[in-house]
Amino acid sequence: MTDSTTETTTRVLAGDCTTTFVDSNDETRQRGRCVVVVKPDRTVLVHDASGYQPAAWLTRPDALHVGEDPTVLTATDGKQYLRVTVHEATVDREVPVSPVGVPVGTCPGQGDATDGADECDGLLVRARGAVHCTDCDRRHGLPAGASVLDSTCECGLPRCRVNRGREFEVCLDRTCESLANAVREAFDRAWDCPECGDDLRVVEKGGILVGCDGYPGCDTTYSFPTGLAVGTCACGLPTFDTGTGERCLDGRCEAEVPA
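Conventions we followed
Residues numbered from 1 in each chain as written. Predicted model: local features only at pLDDT ≥ 70, side-chain atom pairs only at ≥ 80, totals over all residues. Heavy atoms only, no water. Helix = DSSP H or I, 4+ residues; strand = E, 2+ residues; numbered from the N terminus. Rg over C-alpha atoms; globule rule 2.2 N^0.38 Å. Buried < 20%, exposed > 50% of the residue type's maximum accessible area, 1.4 Å probe, protein only. Contact = heavy atoms within 4.5 Å. Areas by Shrake-Rupley, 256 points an atom, 1.4 Å probe, with all protein chains shown as cover. Lys, Arg positive; Asp, Glu negative; His and termini not counted. Charge placed at Lys NZ, Arg CZ, Asp CG, Glu CD. Pairing = 2+ DSSP bridges. Axes fitted to C-alpha atoms, helices over the stretch in contact; angles between N-to-C directions. Salt bridge = Lys/Arg side-chain N within 4 Å of Asp/Glu carboxyl O. Disulfide = S-S within 2.5 Å.

A. Seen up close, the overall build of the protein chain. When its secondary structure is counted, the protein chain shows 1 helix and 19 strands. Against the 2.2 N^0.38 benchmark of 18 Å for 259 residues, the protein chain shows a C-alpha radius of gyration of 26 Å, more extended than a compact globule. Within the span of the protein chain, comprising 259 residues, buried residues form 37% of the whole. Nonlocal contacts in the protein chain, meaning residues at least 24 apart in sequence, comprise 37% of its contacts between residues at least 6 apart. Summed over its atoms, the accessible surface of the protein chain is roughly 14700 Å², and 44% of this surface lies on carbon and sulfur atoms. If the 25 positive side-chain charges of the protein chain are averaged to one point and the 42 negative ones to another, these points end up 4 Å apart.

Structural data, given as structure tokens:
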């Protein structure tokens, strides 16, 4: 699933600046030639000539306002307040930025390909639990434990390998190939509810779940583990090899898992 397709930019300012930082009743005012970075999440970083730590910063403030003549940035977050006045700017521009990660392929493009206006062949990288395009900001979330493969889907995106009871290979775009549908086809009604004996169904509600389809009032539900189904627990539910050990489908089960 594509979560974002809009360009992301960072504003970079450099020059003679005064910074005023207020935290509760403390106020710190500094002046000098520095570089001010305003990130897409509104984080403001002020860097001077020394070290890696900013001279002043405010992370993901609740509000950010930028005025002109002179350029004044005001960021507020609760009782914290950062104001940057740029007296003389040597640099003031918006620059495109993207997540940085491990390259996994080439973006197959998006939008209406008939006029080429929205085509993209940017680099795809894996970073922070997703695959991102470094050019068009196309983003596809990865299932937990997924491995991105060298093979590609017919849509042009890489495929990924995921263990959910057994090994599945699906497209990164869940609207192209749904992992939930694949797991449902393999394991829907495969196990019985330990409470009422009716079928356990595979459903997708904020994640892949296994829930009871029994009589009204039976709300037995389990999260589908990341791992391979390898046996049966003493309670009757399946067990999964998660890579760190064998566990019951019921994560709270206290029955002894057979060796």
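B. Quick peek at the sheet that holds strand E19 (residues 246–248). Read from one edge to the other, the open sheet built from 5 strands follows the order E12-E13-E17-E18-E19, with strand pairing classed as mixed. Each end of this open sheet is capped by a strand with a single partner; those strands are strand E12 (147–152) and E19. Each strand axis lies, on average, 35 degrees off the axis of its neighbour in the sheet, ignoring direction. As defined by bridge partners, E12 adjoins strand E13 (residues 158–171) across 3 bridges and the pair is classed as antiparallel.

C. Geometry of the pattern of salt bridges. Under the criterion given, the structure shown has 12 salt bridges. Put simply, Arg31 and Asp16 hold a salt bridge, and the shortest N to O gap is 2.6 Å. Of this pair, Arg31 sits in strand E2 (residues 26–38) while Asp16 sits in strand E1 (residues 9–23), placing them 15 residues apart in sequence. On the basis of relative accessibility, which here comes to 57%, the residue Arg31 falls in the exposed class. Overall, Asp16 belongs to the buried group, its relative accessible area being 14%. Note that Arg33 is salt-bridged to Glu88, the shortest N-O span being 3.4 Å.

D. Layout of the state of the cysteines. Scanning the entire structure with this criterion turns up 0 disulfides. Cysteine Cys133 remains unbridged, with the sulfur of Cys120 as its closest cysteine sulfur at 3.6 Å. Unpaired in this structure, Cys136 has its nearest cysteine sulfur neighbour in Cys133, at a distance of 3.6 Å. You can call Cys136 buried: its relative accessible area is 11%.

Coordinates in, geometry out; function isn't part of it.
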